[in-house]
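Residues per chain are reported as follows:
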Amino acid sequence: MPNLSTVFSEVGYAHFLVLGAVLFAIGVGGVLLRRNALIIMMSIELMLNAGNLTILTFARMHGDLGGHSFAMIVMAVAAAEVAVGLAIVVAIFRGRRHVDVDRMNLLKH
Amino acid sequence: MTARVLTAILAVLFVVLAFDAGAAHAQGAVAPVDAKIGPAPDFDPPRSATTAGKTVSKRDSVASPAPGAPTNAAAKRTKGGMAFAFWGFAALTVLGSLFVITRRNLITAVMGMVGTFFALAALYMLLYAHFLAIIQMLVYAGAIMVLFVFVIMILNKPEDEPFALSGRVGKVLAGLAMAYLVFRIGSVLIDVPAHVTMAQNAAPARTAAGDDWGSTAAVGMNLFNDYLFPFEAVSLTLLIAVVGAIAIARPLKDDEPAAEAATPGGH
Amino acid sequence: MDTVKFLWVVPFLPLAGAFLNLILGKRLSRQTVHFIAVAAVAASFFTALYLVVGPLREAYGVWKHDGRQGAFGLDEHLWTWIQAGDLKLDLAFRLDPLSSVMILIVTFCSTLIHIYSTGYMEHEPRYGAYFGYLNLFTGAMLILVLGSNMPVMFIGWEGVGLCSFLLIGFWFENEAYATAGRKAFVVNRIGDFAFLLGMFLLWWATHGVDGGKSLDFVMLRDVATAHPDIYEHKFWFDERLAAAAGILLFIGAAGKSAQLPLYVWLPDAMAGPTPVSALIHAATMVTAGVYMVARLSFLFASSTTAMAVVSIVGALTALTAAFMAFAQTDLKKVLAYSTVSQLGFMFVGVGTGNWSAGVFHLMTHAFFKAGLFLGAGSVMHGMEGSGDIRIMGGLKKYMPITRITFLIYCLAIAGFPLTSGFFSKDEILAGAWAAHHDGWPAFLGKMLWVMLTVAALGTAFYMWRLYFLVFEGEYRGKAQVAHPHESPINMTGPLMVLAFLALVAGFIGIPHVIHLSGTLGDIGHFLPEWVGLSTKPMEMHLSSGTTYALLGTASVVGLLGIGLAYALYGKGPSKIVDRFTAGAGKPLYEASKNKLWVDEGYDYAFVRPFRALAKGTFEIVDRFIIDTVLVNGAGFVMSLFSRVSRWIQNGQVQRYLVGVVFGAALIFWWTSRNDHPSFSYKAVPGGIEFRAEPGHGLRSGAAVRWDFDGDGQPDPGETAPVVIKRPGDVASRVTLFVVDPVWGETDKDGKPKHLARVTRRVKLPVVEAPATPAAATAGGVP
């Protein structure tokens, strides 16, 4: 069992990775708990960023710049996703006057 | 009101931390290894061309101290500054993300997200990913945030019940599962020996082309040499996304009178 | 056994004609259709004639010259049809004396009936289909007759069954006719099932015996006749197997040849066009059973029990059908029962081992029964379709040719001396009188003779009753409705040809007591000797005196029947008949008129219980099990399942994410749950083998260290996951260290640090080189 003070004072890759995990968990929590489609999308962004953080940590760890390229591609995909996702949200809102995912259950029955 | 106060506190914290991190970084780059602490790290001199030392036997060789090694005190300051910056920005990140998922006001949520992204950008810098840090700020904190804000302004409808409570059992289970995952990752990572951690503050070596690691030039070389096809593919993805977004968000046309006019009059 | 070429042409020509007419019949003109049909059958007849007169006769000469070795006949092997395991079936035909007689009868009668049909069916809209079926019928019968093994025969057997269904129900627009067709088919199926069983039984008994690999008739015959003594016949299991197979096959024959109790379809078969009746009764269908029994003579000869069954059933059928014919009022029904009765005669013939007599009667019967039906058709043609003999009478002045020929047929069937029927029937009667086989009671032959004589008397009576009612006396119908007239030449032509044959065909089977010599003898005794070449000879002792007495009796009986009929019906139905049927004879009359209520009995005994069973099955199996349990049950289970699955698959992404996260955690737990390191050991020839099991999951692939000397520290150099040590080098406690694959063996202060260590007390097995396998399993338990 490592010394707790060491854990605080000596920051390494592990800390970044754990931070990424925590961030991802918070994102999952957001998707699970919230009803607003916008918040859910933001939570997804959080998860993507947690992934990016992890990728960059590993890139640093292994000294491989490919991780940086990969993170950039993730960002581009995230941007595309946000663009399309928000368009969908707007389209849904136009028809239904709400973006509550709990009430979007037309396919259920 | 609370939200604004919190936001202000976060902002101040960010500025302070940013300064400190900058300082720590500058020194860390010069003094990667504290020679007194232990043998040189065998596993992680981040060089593109080296075989990262994974064999156990290599551990026994005692690396000579790097030339121009900083004093012990400088090393300690570096260590403390690094830790301070990390914990601070980590706290910002977590706080901001908690803002996102808890605030009822959407604008507050977006602001929390922006804070998270800024703090993440700073963390990227700690990982020597300077270019990515800037991109993070431009793309996320700039573009995506603006997009969100626009949409929020379009919708502008406060929620009656922000939390989705249907399927509670499943969500609790999922929360427990998530906690278990985080715990497992954390419990693995917490075993990392201290000397390993210390060595990680070393600045990575330059790339083969002589660029600083993580700089625009280095990332550019990597992106356009090794990952050209994914780059082009993702550009196409963006194009499709733009077209798709327009197609989806465009208002549905009403019945056009032109259609009726086009019908030939048979009588 | 020699081979012959182009035997396949005989059945092929009618089949090809059938193919053409069935496929193209609608587009061809009537002339083309009947030209194809008639030409096909006629060509088939001439081919058969050539093959018999040419190659077969030649081969007979050679065979006789070579000392009559083996079975005589010509084979044509077309191709191997089925080959599976022991079974090897060829599509092969055989031309031997028996089948040569049959194909000549079949093709000849068919040709005449085809020609006749061109006149009789000239107004039929489905002309092509009719002639196609007719050709198919002939072709199937030829396959049946020529097939050299039982399965090939069965092809034809089923083929004629199918064609009888198609032709009896030819006018299927009439519900009753369609039912008659179905009845024929179903009753035939019952017989066919027994036939199949008999065939399987024969196969079971013969395969592998003396290299028997097929159901070839010659092979069966050779196998069966290897040991002459019936009651110690190993092959037939002391006759039991032969009896079982024979009786089963006879049930099949009873279905096809309309014997008790399966005869019921034949009277109903009158629903078809009259030429079809002629074809069925004379040439193509009902003779199949008689032929089959004659063909399998060796089998029936091996079992006197089966022979007794065949002959008794035949005699009973002859009697019963004759009785039923007395009171029938429909022209064709009388003829139908007379056929059933005559078939009974034939079965008595083959059942008493008098094979050639059965076949002889089959031939003569084919001539006069075909003629009778065609004549009846001609009468009905002239009467505009009516077959009711009560309204006929005095037709001789309207249709003289038909009347003359009909008279000849009636003479023949009544057994008038020197007509064909006289000789053939007498052969059977004489055979029955003389029949005394092993195991038969002494009186059986005599009893059969009595029964047949009574039946013959009945035959003469009802046939002449028919003749007198139709052609003599005064016309009883309404003159303004029907205008009786003679039929065209293409109908009367065949009648005359058949009448000639019905008169003279008997002279090729004159009784042996009449000694003839030279060419005359060759002709006079031709048929029995010729057919006897393909059948198993049975001993028959009959003195010439008895023979003449029997001949005389038969003549007297025939004349008696004719006289009786003349007395009662010579000038229309006499008063005596009316008085008799209304008085003392009423029960008898009713019984005959209602055909002994057999159909009604079958209805109660089989049809209704079967319907009830079907209804019950429908209610239970279909309605309840299939509809309710299976169909609705499947729907119910699906709906239940979907109710449950809808809770998960509910269209809400959040729930899906629950699944994703939960699954991820599950995988994580699963893959890392068993990462407690351990090791096992066992004795091997070189010592003890230690095998490290560092655990899988996240920590798999770890490097290991061993401590064998018991000092608690890793031994230098012991890093292999599998180590073999000599027992002397191993302490009682062995420790396995698992090295952290990432962080190495020491911490930052240089102290040894391992991911895990496991120590086990090793119970050293006593190893003697080489270790026994039993010792090898001793280890492995701490």
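Residues numbered from 1 in each chain as written. Chains lettered and ligands numbered in written order. Predicted model: local features only at pLDDT ≥ 70, side-chain atom pairs only at ≥ 80, totals over all residues.

## Some remarks on the overall build of chain C
The cut-off we apply is this: Under the DSSP-based scheme used, a helix requires at least four consecutive residues in state H or I and a strand at least two consecutive residues in state E, with every element numbered from the N terminus. With C-beta atoms placed from the backbone, a residue is buried if 20 or more other C-beta atoms are within 10 Å of its own, exposed if 12 or fewer are, and partly exposed between those counts. Placing C-beta atoms from the backbone, we regard two residues as in contact once those atoms come within 7 Å.
The helix and strand tally for chain C stands at 27 helices and nine strands. Across the 782 residues that make up chain C, the buried fraction comes to 47%. Summarising the internal contacts of chain C: among those between residues at least 6 apart in sequence, 75% fall at separations of at least 24.

## Some words on the overall build of chain A
Counting its regular elements, chain A contains four helices and zero strands. In sequence order, the secondary structure elements of chain A are arranged as α-α-α-α. Among the 109 residues that make up chain A, the fraction classed as buried is 60%. Within chain A, residue pairs in contact and separated by at least 24 positions form 48% of the contacts whose partners lie at least 6 positions apart.

## Some points on the sheet that holds strand β2 (residues 74–84) of chain C
Residues and elements named next belong to chain C. Rule in force here: Strand pairing is defined by DSSP finding a minimum of two bridges between the two strands.
An order of β1-β2-β3 is seen for the three strands of this open sheet, with the pairing classed as mixed. Every interior strand has two partners, whereas the edge strands, β1 (2–3) and β3 (87–95), have only one. Bridge count between β1 and β2: two bridges; the pairing is parallel. Residue D2 lies in a different strand from β2, and its bridge partner there is L74.

## Thoughts on the interface of chain A and chain B
Which entries qualify depends on this criterion: Amino acids outside the nonpolar list (Ala, Val, Leu, Ile, Met, Phe, Trp, Tyr, Cys, Pro) and the charged list (Asp, Glu, Lys, Arg) are all regarded as polar, and Gly is one of them.
Taken together, the contact between chain A and chain B spans 69 residues of the former and 81 residues of the latter. With 21 residues, helix α4 (residues 66–96) of chain A is the largest single contributor of residues to the side of chain A that touches chain B. Partitioned by chemical class, the residues of the side of chain A that touches chain B number 46 nonpolar, 17 polar and six charged.

## Some words on the packing of helix α2 (residues 30–65) of chain C against helix α4 (residues 127–146) of chain C
All names here are of chain C. Spelled out, the test is: Axis definition: a line fitted to C-alpha atoms, over the contacting stretch in the case of helices. Angles run 0 to 180 degrees between N-to-C directions. Roughly parallel means an angle under 35 degrees; roughly antiparallel means over 145; roughly perpendicular covers 65 to 115; every other angle is labelled oblique.
Viewed as axis vectors pointing N to C, α2 and α4 meet at an angle of 5°, and their least axial separation amounts to 9 Å. Here α2 lies roughly parallel to α4, going by the angle between them. Along its contact with α2, which presents R30, V33, H34, A37, A40 and V41, the element α4 presents Y127, G128, F131, L134, N135 and T138.

## Quick notes on the sheet that holds strand β4 (residues 678–684) of chain C
Strands pair in a sheet through their backbones, by hydrogen bonds, and they do so in one of two ways: parallel or antiparallel. All names here are of chain C. Ordered by their spatial adjacency, three strands build an open sheet running β4-β5-β7, and the pairing between neighbours is antiparallel. Each edge of the sheet is formed by a strand with only one pairing partner; in this case those strands are β4 and β7 (722–725). Within this sheet the neighbouring strands show an average axis-to-axis angle of 20°, counted without direction. Examined bridge by bridge, β4 and strand β5 (residues 687–693) share seven bridges and lie antiparallel to one another. When the sheet's bridge partners are listed, K682 is paired in β5 with E689.

## Focus: the packing of α4 of chain A against helix α7 (residues 216–225) of chain B
With their axes 9 Å apart at the nearest point, α4 of chain A and α7 of chain B run at an angle of 80° to one another. When the interaxial angle is binned, α4 of chain A and α7 of chain B end up roughly perpendicular. Packed against α4 of chain A, whose contacting residues are G66, H68, S69 and M72 of chain A, the element α7 of chain B presents V219, N222 and L223 of chain B at the interface. In terms of residue class, the contact of α4 of chain A with α7 of chain B is made up of three nonpolar, four polar and no charged.

## Digging into the pairing of strand β8 (residues 733–739) of chain C
All names here are of chain C. Extensive coverage of β8 is indicated by the burial of six of its seven residues. For strand β6 (residues 703–707) and β8, the ladder comprises five bridges, and the chain directions are antiparallel. When the sheet's bridge partners are listed, R705 is paired in β8 with F737. Inspection of the sheet shows β8 paired to strand β9 (residues 756–761) by six bridges, in the antiparallel sense. Its bridge partner being in β9, V734 is matched across the sheet by R760.

## A few points about unusual backbone geometry
Residue and element names in this part refer to chain C. In this model, L260 is joined to P261 through a cis peptide bond whose omega is -5°. If you trace the backbone, P261 turns up in the loop between α8 (240–257) and α9 (265–268). Of note in this structure, A258 is not a glycine but carries a positive phi near 60°. For A258, the position within the fold is in the loop between α8 and α9. Judged by the 32 C-beta atoms lying within 10 Å of it, A258 falls in the buried class.

## Let's talk about the confidence of the model for chain C
Residues and elements named next belong to chain C. The criterion, for reference: Confidence scores here are pLDDT values: one per residue, from the predictor, ranging 0 to 100.
Averaged over chain C, the pLDDT score is 83; the fraction of residues at 70 or greater is 91%. Under a pLDDT of 50 for its full length, residues 771–782 has, in the predicted model, 23 contacts with residues more than four places off or in other chains. Under the prediction, the complex receives an ipTM of 0.90, its pTM being 0.60.

## Describing the environment of L262 of chain C
All names here are of chain C. Looking at the secondary structure, you find L262 in the loop between α8 and α9. Measuring from C-alpha to C-alpha, the distance between L262 and I190 comes to 8.5 Å, with 72 residues separating the pair along the chain. When residues no more than four places from it in sequence are discounted, the contact partners of L262 are V187, I190, G191, A254 and G255.

## A closer look at the nonpolar core
To keep things clear, this is the line we draw: Any nonpolar core is a set of buried residues, restricted to Ala, Val, Leu, Ile, Met, Phe, Trp, Tyr and Cys, that join up through C-beta atoms within 7 Å.
Counting residues in hydrophobic clusters, the biggest one holds 208 residues, and the most contacted among them are A370, L452, W464 and A502 of chain C. Sorting elements by how many residues they give to this core places helix α18 (residues 442–471) of chain C first, with 18 residues. Discounting residues that sit within four places of it in the chain, L452 of chain C has contacts with A315, A318, F345, V348, I428, L429 and A432 of chain C. Core analysis: the second largest hydrophobic core is formed by 92 residues, A21 and M47 of chain A together with L155 and I185 of chain B among them.

## As for helix α3 (residues 97–120) of chain C
The cut-off we apply is this: The span expected for a helix works out to 1.5 Å for each residue beyond the first.
With 24 residues, α3 of chain C extends 34 Å between its outermost C-alpha atoms, agreeing within 8% with the 34 Å of an ideal straight helix rising 1.5 Å per residue. Most of α3 of chain C is tucked away: 23 of the 24 residues are buried.

## Brief notes about the environment of W8 of chain C
All names here are of chain C. Its place among the elements puts W8 in the loop between β1 and α1 (9–24). With 19 C-beta atoms packed within 10 Å, W8 lands in the partly exposed category. Placed 39 residues apart in sequence, W8 and T47 show a C-alpha to C-alpha distance of 10.0 Å. Excluding residues within four positions of it along the chain, W8 makes contact with E76, L78 and F93.

## Some words on the confidence of the model for chain A
The predicted model of chain A has a mean per-residue pLDDT of 85, with 91% of residues at 70 or higher. Mean pLDDT in chain A bottoms out at helix α1 (residues 4–9) of chain A, which sits at 70, and peaks at helix α3 (residues 37–62) of chain A, which reaches 90.

## Focus on the environment of A119 of chain B
Structurally, the position occupied by A119 of chain B is in helix α3 (residues 106–126). Through-space distance from the C-alpha of A119 of chain B to that of F86 of chain B is 9.6 Å; in sequence the pair is 33 residues apart.

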